[in-house]
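# Structural characterization, general
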Amino acid sequence: MMSTLAPATSARHSGRIEIAVVAIFALLALVPFAAAFGAQSFILNLFVRVMVFAIAALAVDFLCGFGGLVTFGHAAFVGLGAYTVAIAGAHGITDMGVTLPLAILVSALFAYVTGTICLRTSGVYFIMITLAFGQMAYFIAGSLAPYGGDDGITLPSRSTLFGLEVFKDDRALYYATLGLLIAAYLLLRAVVYSRFGRVFRGARENPTRMATIGFDVFRYQRIGYVIAGGLGGLAGFLLANATEFVSPAYMSWQRSGELIIMVIFGGLSTLYGAIVGAAAYLLLEEVLAGFTENWKLIFGPLLVLIVLFARGGIVGLITTIKARLTRG
Amino acid sequence: MSFTLFIVQTLNGLQFGVLLFLIAAGLTLVFGVMDFINLAHGVQYMLGAYLAVMFYALTGSFVLALILALGAALAFGLLLEFTVFRHLYDRDHLEQVIATFGIIIFLNQGVKVVWGAAPLNLPMPEALAGTVQLMPGLVYPVWRLVIIASGLIVGLVLYILVSRTRVGMLVRAGATHARIVSALGVDIRRLFMIVFGFGTMLAAFAGVMIAPILSVEPGMGDSVLILAFVVIVIGGIGSMRGAFIAALLIGLVDTLGRSFMIDILRLFMAPSPARTVGPAIASMLIYVLMALVLYFRPAGLFPAKGRS
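For every chain, the first residue of its written sequence is number 1, and the numbers climb from 1 along that sequence. The order in which chains are written sets their letters, starting at A; the order in which ligands are written sets their numbers, starting at 1. Selection of residues for local features in this predicted model requires a pLDDT of at least 70, selection of side-chain atom pairs for listing and counting requires 80 or more, and totals for whole chains, interfaces and linings are taken over all residues. With hydrogens and water excluded, all non-hydrogen atoms of the structure serve as input to the side-chain values.

Strands here mean DSSP runs of E at least two residues long; helices mean DSSP runs of H or I at least four residues long; both are numbered from the N terminus. For chain B, the count of helices and strands is 10 helices and 2 strands. Helices and strands in chain B line up, N terminus first, as α-α-α-α-β-β-α-α-α-α-α-α. Its C-alpha radius of gyration of 20 Å places chain B within 12% of the 19 Å reference for a compact globule of 308 residues. For chain B, the spread of C-alpha atoms along the principal axes amounts to about 65 × 50 × 35 Å. To sort residues, take the accessible area from a 1.4 Å probe on protein chains only and compare it with the maximum for the residue type: under 20% means buried, over 50% means exposed, and anything in between is partly exposed. For chain B, buried positions account for 53% of its 308 residues. Within chain B, contacts between residues at least 6 apart in sequence are counted, and of these 78% link residues at least 24 apart. Every accessible area reported is derived by Shrake-Rupley at a probe size of 1.4 Å, with residue values counting cover from the shown protein chains alone. Of the accessible surface of chain B, which amounts to about 12,700 Å², a share of 69% is contributed by carbon and sulfur atoms. As used throughout, the charge tally considers Lys and Arg to be positive and Asp and Glu to be negative, leaving His and the chain termini uncounted. Where a charge sits is defined by one atom per residue type, namely NZ (Lys), CZ (Arg), CG (Asp) or CD (Glu). In chain B, which carries 17 positive and 11 negative side-chain charges, the distance between the mean positions of the two groups comes to 9 Å. Here the radius of gyration uses the C-alpha set of atoms, whereas the globule reference equals 2.2 Å times the residue count to the power 0.38. In this description, contact between two residues means that some pair of their heavy atoms is separated by no more than 4.5 Å.

Below you can see the structure in the form of structure tokens.
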């Protein structure tokens, strides 16, 4: 079912893609300077959110686009990471030396356990069972009465490093997020093109053949699922720090849907498309909301139009336009 | 945990299950025949309720409101099929999810703009508004019995339609071997229009029937949609029998879980933690059930033959 979507990048295009990716990261690095001329904290906050969701969307693209594993419960990992920070904070542990690895570990562990069960199924059943686990996490979070229950919980402070309030400055949080986004991108790119990644991608195309060749497909997919889950936890750690607030709404199935939309928006199976998609999605939301209170009346049909007319997402659209221009 | 309460909650569970079946029936037909994931099915249920409220205000009659709402919902559903859905059938599941998600976003906001964000009410027909004594000490609202009965009747009619008629035969064949049916000269697109319109009306019917009990509000279709998906996945995609049994199962497990989970936990737990943990477990119960079913039977309880 993936064959209709954007193919994995060929070597011929990879040079140009490197340039595009570097340009994306350079632009993100320049945002704080541009923001200094406008509503600084608003812009910084918006772009931190963009980068946080970009990390989560990268993980979803890794699973959907490269592994063929369409997950409809990825917001749970983000939420788990965020809740780890909030709960540790409520008990006086704010040092990111502890909370960052813990957030990743908790999400990765959840991915290991649920992945073991989910990966027994495939296709639509996989979509639904990941949704089921997402919903379970959502309801557990809503029942955590000591930690705010349905109302959510405010963080006592942003994460500290060896007692220093390093994230007190919005710019510090911004660049830390950018650094982690770049790290996540490089990690996934390395994984995708590694021997592990070739098996993982092969299982998307033909799991039976991979199994016949002698690979334990289930194990590879589970490791992939754990990697994506851990990255979700990382995004959650950053999200909690950015908003200084955590609530079950972070884990709702609509959030998981949005992550998939971001990936499709940007272009599936490209990794950097997930970053473009997250930015496009959140910025579009922000711009439309600025025009009218009823921005969803525009946003909804826009999604439909994109699916109907812009296959391959924004990245695909740009490629098509470029192809037409160079031909003409 | 008194016996009467247990009976009442079982009936409530049945009523909820029947409602889920009405929604899941259309979903599983559409998914079974066209392999189309329609997230916008839940908003048809919401729209049914809103349209009934509107037509009730115009006509003052529940029956008229019901009939007009079903007609309008059918027309709207076919309009959606014509403008959007038919371009998505041979697309990837992911793309179908996004396009129909876009429609949800649009319609949830749309009803807010048209009818306001505040919850609305639909009064039930006066003759059916009372309660009836089922057993000594057990009174039950008539309307809920009406919902149960109408759902069971719809289930029966569907069963006869699908298993005894020519269209039903084509639907069954289309659900498992769409290409062959199409190659045999059946216009599968037209068949699907019929199936889709029918499913849309069932969802709208569920919305109208439940409107007198619940409040009619934007987003009311979202949670029900997810439950309907849980139902068709547990039942086995494309299986009407599976959808029926799974819907009743989910309705009962959810309702009984919510009413008795705290009591059950108290059997082996201190009362205070039981009160904290109980509601959480109760709301997770159906998802736990789903995970268990899929773990042991990855294609659902009653996988449609020829699929899996």
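With that out of the way, let us pick up the overall build of chain A. Secondary structure assignment for chain A yields 13 helices and 2 strands. Over its C-alpha atoms chain A spans a radius of gyration of 19 Å, differing by no more than 12% from the 20 Å that the globule rule assigns to 328 residues. Judged by the C-alpha coordinates and their principal axes, chain A covers about 55 × 50 × 40 Å. Within chain A, residue pairs in contact and separated by at least 24 positions form 79% of the contacts whose partners lie at least 6 positions apart. Of the accessible surface of chain A, which amounts to about 13,700 Å², a share of 66% is contributed by carbon and sulfur atoms. Of the side chains in chain A, 21 bear a positive and 15 a negative charge, and the two mean positions are spaced by 17 Å.

In this analysis, rings of Phe, Tyr and Trp, with Trp reduced to its six-membered ring, are considered paired at centre separations within 6.5 Å, and the interplanar angle assigns stacked below 30 degrees, edge-to-face beyond 60, and tilted for intermediate values. In this structure the tally under the stated criterion is 26 aromatic pairs over all chains. On the basis of an interplanar angle of 90° and a centroid distance of 5.0 Å, the ring pair of Phe21 of chain B and Phe244 of chain B is categorised as edge-to-face. Here Phe21 of chain B is found in helix α1 (residues 3-34), whereas its partner Phe244 of chain B is found in helix α9 (residues 240-266), with 223 residues between them in sequence. Just above the ring of Tyr295 of chain B sits the side chain of Arg120 of chain A; from NZ or CZ to the centre is 4.3 Å. Geometrically, a lysine NZ or arginine CZ counts as sitting over a ring once it is within 6 Å of the ring centre and also within 35 degrees of the ring normal. Over the ring of Phe33 of chain A we find Arg171 of chain A; its NZ or CZ atom is 5.6 Å from the centre of that ring.

Each side of the interface is counted separately: chain B has 42 residues, and chain A has 39 residues. Here the quantity called buried area is the total loss of accessible area, with a 1.4 Å probe, experienced by two parts when brought into contact, counted for both. Taking both partners together, chain B and chain A bury about 4,000 Å²; carbon and sulfur atoms supply 79% of that area. Counted as salt bridges are all cases of a side-chain nitrogen of Lys or Arg within 4 Å of a carboxyl oxygen of Asp or Glu. Taken together, the connections running from chain B to chain A amount to 0 salt bridges. Polar contact is defined as a pair of N or O atoms within 3.5 Å, subject to the rule that within protein one atom must be able to donate a hydrogen and the other to accept it, and that residues adjacent in sequence are counted only when both atoms are side-chain atoms. The tally of links between chain B and chain A comes to 7 residue pairs in polar contact (both at pLDDT 80 or more). Mapped onto the side of chain B that touches chain A, the elements with two or more residues apiece are α4 (93-115), α8 (220-235) and α10 (271-296) of chain B. Among the elements that line the side of chain B that touches chain A, the one with the most residues is α4 of chain B, at 14 residues.

Bringing the environment of Leu285 of chain B into the picture now. All names here are of chain B. Within the secondary structure, Leu285 sits in helix α10. Residues Leu285 and Val253, spaced 32 residues apart in sequence, show a C-alpha to C-alpha distance of 7.3 Å. Apart from the residues within four sequence positions on either side, Leu285 is in contact with Val253, Gly257 and Met261.

Attention now goes to the confidence of the model for chain A. A residue's pLDDT is the predictor's confidence in that residue, given on a scale from 0 to 100. On average, residues of chain A score 88 in pLDDT, and 95% of them are at 70 or above. Contacts from residues 1-9 of chain A, a stretch scored under 50 in pLDDT, to residues over four places away or in other chains number 19 contacts.

Before going further, it helps to spend a moment on the pairing of strand β2 (residues 138-141) of chain B. Successive residues of a regular strand alternate their side chains across the two faces of the sheet. All names here are of chain B. Every second residue of β2 is oriented toward a common face, the buried set being Leu138 and Tyr140 and the non-buried set Val139 and Pro141. Between any two strands, pairing holds if DSSP finds at least two bridges. Judged from the 4 bridges that link them, strand β1 (residues 131-135) and β2 form a sheet pairing that is antiparallel. Among the inter-strand pairings, Met135 is bridged to a residue of β2, identified as Leu138. What sits between the antiparallel neighbours β1 and β2 is a turn of 2 residues, in which Gly137 has the positive phi angle 80°.

Residues and elements named next belong to chain B. How far a helix is expected to stretch is found by multiplying one less than its residue total by 1.5 Å. Compared with the 33 Å implied by 1.5 Å per residue over 23 residues, the 33 Å span of helix α7 (residues 188-210) between its first and last C-alpha is a close match. Counting buried positions over the 23 residues of α7 gives 17, a clear majority of the element. By the N-cap criterion, in which a side-chain oxygen at the helix start approaches the backbone nitrogen of a residue two or three places on, α7 is capped by Asp187, the distance to Arg189 being 3.2 Å.

This part takes up the packing of α1 of chain B against helix α6 (residues 166-183) of chain B. Residues and elements named next belong to chain B. Lines fitted to C-alpha atoms define the axes here, with helix axes fitted over just the stretch in contact, and angles between the N-to-C directions of these axes take values from 0 to 180 degrees. At their nearest, the axes of α1 and α6 sit 6 Å apart, and the two run at 50° to each other. Between α1 and α6, the angle falls in the class oblique. Of the residues in α6, those in contact with Leu29, Gly32 and Val33 of α1 are Val171, Gly174, Ala175 and Ala178. Across the contact of α1 with α6, the residue classes tally to 5 nonpolar, 2 polar and no charged. With respect to orientation, any angle under 35 degrees is reported as roughly parallel, any angle over 145 as roughly antiparallel, any angle of 65 to 115 as roughly perpendicular, and every other angle as oblique. Following the grouping adopted for this structure description, the nonpolar residues are Ala, Val, Leu, Ile, Met, Phe, Trp, Tyr, Cys and Pro, the charged ones are Asp, Glu, Lys and Arg, and the polar ones are all others, Gly among them.

Residues of helix α7 (residues 195-205) of chain A that are buried include every one of Phe196, Gly197, Val199, Phe200, Arg201, Gly202 and Ala203 of chain A, and no others. Put simply, Ser194 of chain A is the residue that caps the front of α7 of chain A, since its side-chain oxygen is 3.3 Å from the backbone nitrogen of Phe196 of chain A.

Taken over all residues, the pLDDT of chain B has a mean of 88, while the share at 70 or more is 98%. Scored by ipTM, the complex comes to 0.83, with pTM at 0.86.

Attention now moves to the packing of helix α4 (residues 96-118) of chain A against helix α9 (residues 217-243) of chain A. For any two helices packed against each other, one specifies the crossing angle of their axes together with the interaxial distance. Residue and element names in this part refer to chain A. The N-to-C vectors of α4 and α9 enclose an angle of 145°; their axes lie 7 Å apart at closest approach. For the crossing formed where α4 meets α9, the hand is right-handed. A breakdown of the residues in the contact of α4 with α9 according to their chemical character gives 13 nonpolar, 8 polar and 1 charged. By the definition used in this description, the sense in which the near helix is turned from the far one sets the handedness, with an anticlockwise turn below a right angle giving left-handed and a clockwise turn giving right-handed.

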